[in-house]
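# Structural characterization, general
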Amino acid sequence: MKLLAVATLLPPLLLAPLARAADAVPRLEGFWTQSFAPGPEVEQLRAKLPAGTLVINDAGGLELREGDYGGLVLSEAAKAEIRNYDFKNELSREFACTVPSVVMNMQAPFPLEILQDEKLIVLRLEYFDMVRIIHLDGRGHPPADAPHSKAGHSIGHWEGDELVVDTTHLLAGSFLNNGFSHSEDLHFVERFRLGADGRTLHASQLSEDPAVFEGKAARLVSWRKGDDYIYPYECDPSFAEVGEPLE
Amino acid sequence: MRLVLPILRSCQLMAVLLLAASAPGVMAHHSFAVHFVDDRVIDVSGTVTAFRFANPHGMLAFDVRKEDGSVEHWRAETNSPNVLRRRGWSKDSLQPGDSITVTGFPSRDGTPYMRISRVKFADGRELVGQGMAAPADDKE
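Since the structure is predicted, the reported quantities are computational estimates derived from the model, not experimental observations.

Definitions and cut-offs
- Residues numbered from 1 in each chain as written.
- Chains lettered and ligands numbered in written order.
- Predicted model: local features only at pLDDT ≥ 70, side-chain atom pairs only at ≥ 80, totals over all residues.
- Helix = DSSP H or I, 4+ residues; strand = E, 2+ residues; numbered from the N terminus.
- Buried ≥ 20, exposed ≤ 12 C-beta atoms within 10 Å, placed from the backbone.
- Contact = placed C-beta atoms within 7 Å.
- Nonpolar A, V, L, I, M, F, W, Y, C, P; charged D, E, K, R; others polar.
- Core = buried A, V, L, I, M, F, W, Y, C linked by C-beta atoms within 7 Å.
- Pairing = 2+ DSSP bridges.
- pLDDT = per-residue confidence, 0-100.

Within chain A, the secondary structure is distributed over four helices and twelve strands. A total of 247 residues make up chain A; the buried ones form 38% of that total. Once local pairs closer than 6 in sequence are excluded, the contacts in chain A between residues at least 24 apart make up 61%.

Following this line, the structure appears as structure tokens:
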């Protein structure tokens, strides 16, 4: 009988340390929609950006116009690429559904859902149906020549109450949605922090890409918790052809 | 041979540089601020001919009868249907034959094309699209 009692108690006792470990970090899971009333947490994140970081104020609905790069000092290669950029192609069947890289996607005004485990966090982004896997198991990034993608390869760790996510292996993609793109060498570091009431989430998004701009640049983004769910995006590249004039 | 190799290498380098210079760049999903006048809206009245409600943008086609009797074909895109579904829009929100007035941000190139801010029907109903101040949940 004593043996049975011990056997019954054993699993919870064994699981207890794991449960405590999981409980020890903030719970970010849930449905989040972008917020435009940043709290004091945003200023805390701003203060942690490296000295000299240029904060670009174009998150959400604030797009920069053609020729406005938010104060970034562009490389000659980036300027050459911009000169050859044709905005008319953006509406073509070929490019209308170009998936933005995670750098654009994480500031876009669409919801995201977070699923959280001790060694893995999944971010389901509604915009272009992107799914991000954040590895928290201590692994590193793959070799530099490993395949790149629009979501990139992300590893994360906790620093106190903040989740730090380091992303590399990104395919080149738009950086400002106005003809200026980042390269495949972009290094993207995010710090996520819950608001005091647990109903808001804030992030700094630090980018470094010496091939196309000098120094470091960052966006500051906030979300509020909601009770909705992620809709499918299912981009249709033929959208622009409705009512299109015949050639 | 010693002369040929450096020349070949120079040619290869030149070819790479020329390719880089003529590369079309990494295309992106299209920008609102680049394509549309973002601080002014116009009103255009007409009759719906087609409507498709799919990401990345819904697309409305409508005909406008001008004073001289000719018809001008207009097109107007919405922001993302995902955003608009949460405001009550659906694929059936606009039907061919509907008489409408579209308020929207005009195309920068002057073509009969706009981004929808709102659609008003003859019976007074309204559909709300992108906000005038381009609030952040409206860009896409």
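A tally of helices and strands in chain B yields three helices and six strands. The helix and strand sequence of chain B, counted from the amino end, reads α-α-β-β-β-α-β-β-β. Taking all 140 residues of chain B together, the buried fraction comes to 37%.

The interface is formed by 44 residues belonging to chain A together with 36 residues belonging to chain B. Classifying every residue of the side of chain A that touches chain B by side-chain character gives 22 nonpolar, 13 polar and nine charged.

Right, let's get into the nonpolar core. Side chains of a nonpolar character, in soluble globular proteins, are inclined to be buried together. Within the largest apolar cluster, 67 residues are counted, with the highest numbers of intra-cluster contacts made by Val102, Val103 and Tyr127 of chain A together with Leu60 of chain B. Counting residues per element, this core draws most heavily on strand 12 (residues 216–226) of chain A, at five residues. Here Val103 of chain A is in contact with Gly173, Phe175, His182, Leu186, Phe188 and Ser207 of chain A, once residues within four sequence places are set aside.

Residue and element names in this part refer to chain A. Within strand 11 (residues 200–208), eight of the nine residues are buried, leaving the element largely enclosed by the surrounding structure. With eight bridges connecting them, strand 10 (residues 187–194) and strand 11 associate as antiparallel partners. Bridging from a neighbouring strand, Arg193 pairs with His202 of strand 11. Hairpin remark: strand 10 followed by strand 11, antiparallel, with five residues in the connecting loop; positive phi at Gly198, about 75°.

A cis geometry characterises the amide bond from Asn55 of chain B onward to Pro56 of chain B, with omega recorded as 10°. The topology assignment puts Pro56 of chain B in the loop between strand 1 (42–52) and strand 2 (59–65). For Asp129 of chain A, which is not glycine, the phi torsion reads 55° and is therefore positive. Here Asp129 of chain A shows up in the loop between strand 4 (120–125) and strand 5 (131–135).

Residue and element names in this part refer to chain B. Counting all residues, the mean pLDDT for chain B is 82, and 76% of those residues have values of 70 or more. Of the regions scoring below 50 in pLDDT, residues 1–9 engages in zero contacts with residues more than four places distant in sequence or in other chains. Two numbers describe this predicted complex: its pTM, 0.83, and its ipTM, 0.82.

Let us look at the environment of Gly46 of chain B. All names here are of chain B. Positionally, Gly46 belongs in strand 1. Spatially, the C-alpha atom of Gly46 lies 5.9 Å from that of Ser99, the residues being 53 residues apart in sequence. With residues up to four places along the chain from it excluded, the contact list for Gly46 reads Phe62, Asp63, Val64, Trp74 and Ile100.

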